[in-house]
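Architecture at a glance
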Amino acid sequence: MTPRHETSVVKQNLAYYASARSAAEYTREDGLRPIEQQLIAEFMPPPPAGILDLGCGAGRTTIGLSRAGYTAIAIDLSLELLTLARRRYPHLDFRQMDATELAFPVDTFDAALFSYNGIDCLYPVAAREQCLVGVCRVLKPGATFIFSTHNLVGGICSGGYWYAFSPSSGAIPFCANGTHDTKTPAASNFSTARHRDEQSTNCGARASA
Ligand SMILES: C[S@@+](CC[C@H](N)C(=O)[O-])C[C@H]1O[C@@H](n2cnc3c(N)ncnc32)[C@H](O)[C@@H]1O
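Residues numbered from 1 in each chain as written. Predicted model: local features only at pLDDT ≥ 70, side-chain atom pairs only at ≥ 80, totals over all residues.

Once that is clear, we can look at the overall build of the chain. Secondary structure assignment for the chain yields eight helices and seven strands. Split into buried and exposed, the 209 residues of the chain put 44% on the buried side. Counting only contacts in the chain whose residues sit at least 6 apart along the sequence, the fraction spanning at least 24 positions is 61%. (Helix = DSSP H or I, 4+ residues; strand = E, 2+ residues; numbered from the N terminus. Buried ≥ 20, exposed ≤ 12 C-beta atoms within 10 Å, placed from the backbone. Contact = placed C-beta atoms within 7 Å.)

Structure, rendered in C-alpha cells:
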C-alpha cells in the first residue's frame, strides 16, 4: 500500500521497519509498559472499550490492550511488522492502514493509542495534523488519544514525552515518570518549524534526505 505522504523520510522509515533489526527490536517486548498502563488506567474508559492502536508494529501494545480486556483494532503501514504481529497474536485484529488516512466510520472508537513515539514517523508536519484530525473523527465525542513523541521542548523542560489529547481539553503533557507536566506548553506537542526535522529523525531518517 502506498502511503498518502510518500516523502523520502517516509520511504526511509518504511525501509527501516522492514529490516531484520527492526523485527528484532519490535518483537523484544510483549505487552504494555508501566507508563502506558498508568495512562490507560487514567484516561481510557474501562474494558471492554474499543481502542484504536495506531502504529502497532509487531503487536506489543495490542496484546497488552487485549490482555487488559480491551477490544483493540490495530493498524500499521509496515507489512513486515504486521506479518510478525499476526504470527505472534493470530487471534487479534491487525490491519494495514496509513495513520493519516484512517478508514473507519465516524465515532467508532472509545480511545486511541499511538505508542513509542510512532507519531514522529509521520512527515511532513501536515501528515501529523491529518492523523490528529482523523483520530478525532473516528473517536467518539469526548474520547482521548494517548501518544508519546520525541519533543525537544518537552524533553528539556521536564522530560515529558507522553500526551493525553482530547478535542475538549487539548493535549495534557506528562513527564516520563507519568506525573503531569505543568512546565511544557501543550502547544509544543507537535513540531514547530524549528523542531520538525529533529523529530523526523526519530526513526532513523533525516528530513533533509
Ligand atoms: C516506533 S514503532 C512502534 C511500534 C509499536 N507501537 C511498539 O511500541 O512496539 C512505530 C510504528 O509506527 C508505524 N508507522 C509509521 N508510519 C506510519 C503510518 N503512516 N501509518 C501507520 N503506521 C505507521 C511503523 O511501521 C512502526 O511500526
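Moving on to the confidence of the model for the chain. Here the chain averages 79 in pLDDT, and 70% of its residues register 70 or above. Counted against residues more than four places away or in other chains, residues 181-209, with its pLDDT under 50, gives 63 contacts. (pLDDT = per-residue confidence, 0-100.)

Turning our eyes to something else, we now look at the nonpolar core. The biggest cluster of nonpolar side chains holds 43 residues, and the ones touching the most others in it are Ile51 and Ala112. Sorting the residues of this core by element identifies helix H1 (8-17), helix H3 (34-43), strand S1 (50-54), strand S2 (71-76), helix H5 (79-88), strand S4 (109-114), helix H6 (125-138) and strand S5 (139-148) as the ones contributing at least two each. Other than its neighbours up to four places away in sequence, Ala112 contacts Ile51, Leu52, Leu54, Val135, Leu139 and Phe145. (Core = buried A, V, L, I, M, F, W, Y, C linked by C-beta atoms within 7 Å.)

The next thing to look at is the site of the ligand. Near the ligand, the surroundings consist of 23 residues, among which Gly55, Gly57, Ala99, Tyr116 and Gly118 are the closest. Of all the secondary-structure elements, those providing two or more residues to the shell around the ligand are H1, helix H4 (60-67) and S2. Looking at the shell around the ligand residue by residue, the class counts come to eleven nonpolar, nine polar and three charged. (Near = placed C-beta within 6 Å. Nonpolar A, V, L, I, M, F, W, Y, C, P; charged D, E, K, R; others polar.)

Pro47 connects to Pro48 through a cis peptide bond whose omega is 10°. By secondary structure assignment, the location of Pro48 is in the loop between H3 and S1. Phi angles above zero are rare outside glycine, and Tyr116 is one such case at about 55°. Looking at Tyr116, the number of C-beta atoms within 10 Å reads 22, which means it is buried.

With six of its six residues buried, S4 lies for the most part within the structure. With four bridges joining them, S1 and S4 adopt parallel strand pairing. Bridging from a neighbouring strand, Leu54 pairs with Phe114 of S4. Bridge count between S4 and S5: five bridges; the pairing is parallel. (Pairing = 2+ DSSP bridges.)

Before going further, it helps to spend a moment on the environment of Val106. Inspection of the secondary structure assignment puts Val106 in the loop between strand S3 (93-96) and S4. The exposed category is assigned to Val106, around which 9 C-beta atoms lie within 10 Å. Linking Val106 and Cys136, residues 30 residues apart in sequence, is a C-alpha distance of 8.7 Å. Here Val106 is in contact with Arg137 and Val138, once residues within four sequence places are set aside.

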